[in-house]
Amino acid sequence: MELRVENLTVARGGVPVLEGLEFTLSPGQVLILRGPNGSGKTTLLRTLAGLQPPLTGSVSADPEQITYGAHADGLKATLSVEENLRFWASVHGLADIAPAVDGFNLRGLLERPSANLSAGQKRRLGLARLLVTGRPIWLLDEPTVSLDVASVTLFADAVRAHVAGGGSALIATHIDLGLKADTLDVGPYKADAHRPRTDGMRDAYADFDEAFS
Ligand SMILES: Nc1ncnc2c1ncn2[C@@H]1O[C@H](COP(=O)(O)OP(=O)(O)OP(=O)(O)O)[C@@H](O)[C@H]1O
């Protein structure tokens, strides 16, 4: 499934951050999102995932086809590693968690409550969740934070296998993952936050408190 973005403007706290975005993420493609801190990568990913509305433009993909891996691992703290994976697999109608367990080297941690994992182990479990969603489009925000070199390799292998199977991935990262990938630099799309808007949309979002979204 293709994800096509046309004339997209995204905002945080009512302030336009990126505007005029046009790109396509195709099956089999890895697209690396680049840009300095605060440039709007997370805002773009959240909008593509359907977690916040765009100010203008359109995103062609159905949110049901998308898995969003955010900064937070989103683990259920009182459940074990295995229970976490089984829970997500059941939500997505899948039964087999073995590829996720083995793909992220979690076999020796299955009984451990996820609250008791190290930061890197938590991240591995959060990423393993990608494999039990069965969804074709992965949107990932700094997925390798806390991972050691070996785990970064596991992650890169998982992405490679995903796109080889017809999936796609848009990944915000500051490191080189060693993947065959295209790059989307958000720099040229930086919005002029102070330009008066003519479409009335600014007012609609001005009081929106992102802290509660
Ligand atoms: N909850 C929020 N409410 C209002 N503004 C926010 C909020 N979160 C982020 N921002 C602002 O929105 C802009 C874009 O932030 P965003 O998190 O999308 O950048 P980023 O490119 O992902 O940065 P980083 O590389 O540091 O993760 C920044 O100026 C940031 O300060």
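- An unreviewed UniProt entry lists the protein chain under the name Cytochrome c biogenesis ATP-binding export protein CcmA, with Aliiroseovarius pelagivivens as the source organism.

1. A word on helix 2 (residues 81-91)
- Of the positions making up helix 2, those classed as buried are Val81, Asn84, Leu85 and Trp88. Down the axis of helix 2, the buried set is contained in an arc of 95 degrees. They therefore lie on one face.
- Where helix 2 is buried, its residues touch helix 3 (98-103) and helix 4 (119-131).
- Gly93 sits one or two residues past helix 2 and shows a positive phi near 75 degrees.

2. Description of the sheet that holds strand 4 (residues 56-59)
- Within the open sheet, the 3 strands sit side by side as 2-1-4. Their pairing is antiparallel. Taken across any chain shown, the strands that pair with only one partner, and hence form the sheet edges, are strand 2 (15-25) and strand 4. Neighbour to neighbour, the strand axes of the sheet diverge by 30 degrees on average, direction disregarded.
- Sheet strands in contact with helix 1 (residues 41-48) are strand 1 (3-12), strand 2 and strand 4, and its direction is about 125 degrees off that of strand 1.

3. Focus: the sheet that holds strand 8 (residues 182-185)
- A sheet is described by the order of its strands in space; here 5 strands give the open sequence 5-6-7-3-8, paired in parallel fashion. Two strands in the sheet have a free side with no partner beyond their single neighbour: strand 5 (66-69) and strand 8. Between one strand and the next, the sheet's axes are offset by a mean angle of 15 degrees, whatever the strand orientation.
- Bridge count between strand 5 and strand 6 (residues 137-141): 4 bridges; the pairing is parallel. Residue pairing in the sheet places Gly69 in a bridge with Leu140 of strand 6.

4. Quick word on the environment of Gly57
- Within the element layout of this structure, Gly57 appears in strand 4.
- Placed 85 residues apart in sequence, Gly57 and Glu142 show a C-alpha to C-alpha distance of 25 Å.
- What Gly57 contacts, discounting residues up to four positions off in sequence, is Glu6, Asn7, Leu8 and Thr9.

Calculation notes
Residues numbered from 1 in each chain as written. Predicted model: local features only at pLDDT ≥ 70, side-chain atom pairs only at ≥ 80, totals over all residues. Buried ≥ 20, exposed ≤ 12 C-beta atoms within 10 Å, placed from the backbone. Helix = DSSP H or I, 4+ residues; strand = E, 2+ residues; numbered from the N terminus. Arc of directions from axis to C-beta. Contact = placed C-beta atoms within 7 Å. Pairing = 2+ DSSP bridges. Axes fitted to C-alpha atoms, helices over the stretch in contact; angles between N-to-C directions.

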